[in-house]
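Below, each chain spelled out in residue letters.
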Amino acid sequence: MTDRFGYIKLADGRYREDKGFYYDDFEVGMVIEHRPGRTLTTTDNIWQSLIAMNQHPLHIEAEFARQTEFKELLMSSLVTFNVINGMTVHSLSQKAIANLGWDEVRLTHPVFVGDTLFAESEILERRPSKSRPQQGIVTARTTGSNQDGKTVITYKRTFLVPMRSAVA
């Protein structure tokens, strides 16, 4: 038996972790607060910037960054996006079959080393798949905020997820 609390009871006194929601569990309008938050480091910024081939000195060269309006290294927007999106996997897409797309990505406030990011997602739409009868399509709006409650990123994400009946 699976419940919405993330565990399957296997036997008396024995449980298995079972993270994420099935299609049937998502309700339009529900909001999920993703935890824990994540404090960003210089290493996060430099490694991710270089892995992504983003060699803009504002992300990887402290001396250059000091001469800009920011006065310090600015986190690459890909770091911000990846960390916030990664926070959502546990609940939104742990059971997903496929990501179908990200839309309307907006970076609304700068992010710096030492900022702690938090995420929440609101379910905007859900519908059964027309071509996959045991699966459904869910769209969520995710908002990432910093430790001061300032929104740093928003986006919509659409993904394909199985119906509970398909795995029962």
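Our structure's up above, just so we're on the same page.
Residues numbered from 1 in each chain as written. Predicted model: local features only at pLDDT ≥ 70, side-chain atom pairs only at ≥ 80, totals over all residues. Heavy atoms only, no water.

Draft legend 1. Structural view of the nonpolar core. Counting 13 residues, the largest nonpolar core has Leu40, Val83, Ile84, Met87, Val111, Leu117 and Ile153 as its most contacted members. Breaking this core down by element, the ones donating at least two residues are α4 (77–93), β5 (116–128) and β7 (151–162). Among the elements that take part in this core, α4 stands out by supplying five residues, more than any other. The residues touching Ile84, leaving out its near neighbours within four places in the chain, are Leu117, Phe118, Ala119, Thr142, Gly144, Ile153 and Tyr155. (Core = buried A, V, L, I, M, F, W, Y, C linked by side-chain atoms within 4.5 Å. Buried < 20%, exposed > 50% of the residue type's maximum accessible area, 1.4 Å probe, protein only. Helix = DSSP H or I, 4+ residues; strand = E, 2+ residues; numbered from the N terminus. Contact = heavy atoms within 4.5 Å.)

Draft legend 2. Geometry of α4. Of all the bends found along α4, the most pronounced is centred on Met87 and spans about 30 degrees. Within the span of α4, buried status applies to Val79, Thr80, Phe81, Val83, Ile84, Asn85, Met87, Thr88, Ser91, Leu92 and Ser93. The inward-facing, buried residues of α4 abut β3 (31–39), α1 (42–51), β4 (98–107), β5, β6 (135–145) and β7. (Bend = angle between axes of the 7 residues up to and from the residue.)

Draft legend 3. Spatial organisation of the pattern of salt bridges. Tallied over the entire structure, the rule returns nine salt bridges. One salt bridge in this structure joins Lys19 and Glu17, with 4.0 Å as the shortest N-O distance. Note on Lys19: relative accessible area 21%, which makes it partly exposed. As a salt-bridge pair, Glu122 and Arg141 come within 3.4 Å of each other at their nearest N and O atoms. Here the residue Glu122 occupies a position in strand β5, and Arg141 occupies one in strand β6, the gap between them amounting to 19 residues. Looking at Glu122, the relative accessible area reads 30%, which means it is partly exposed. (Salt bridge = Lys/Arg side-chain N within 4 Å of Asp/Glu carboxyl O.)

Geometry only, nothing functional implied.
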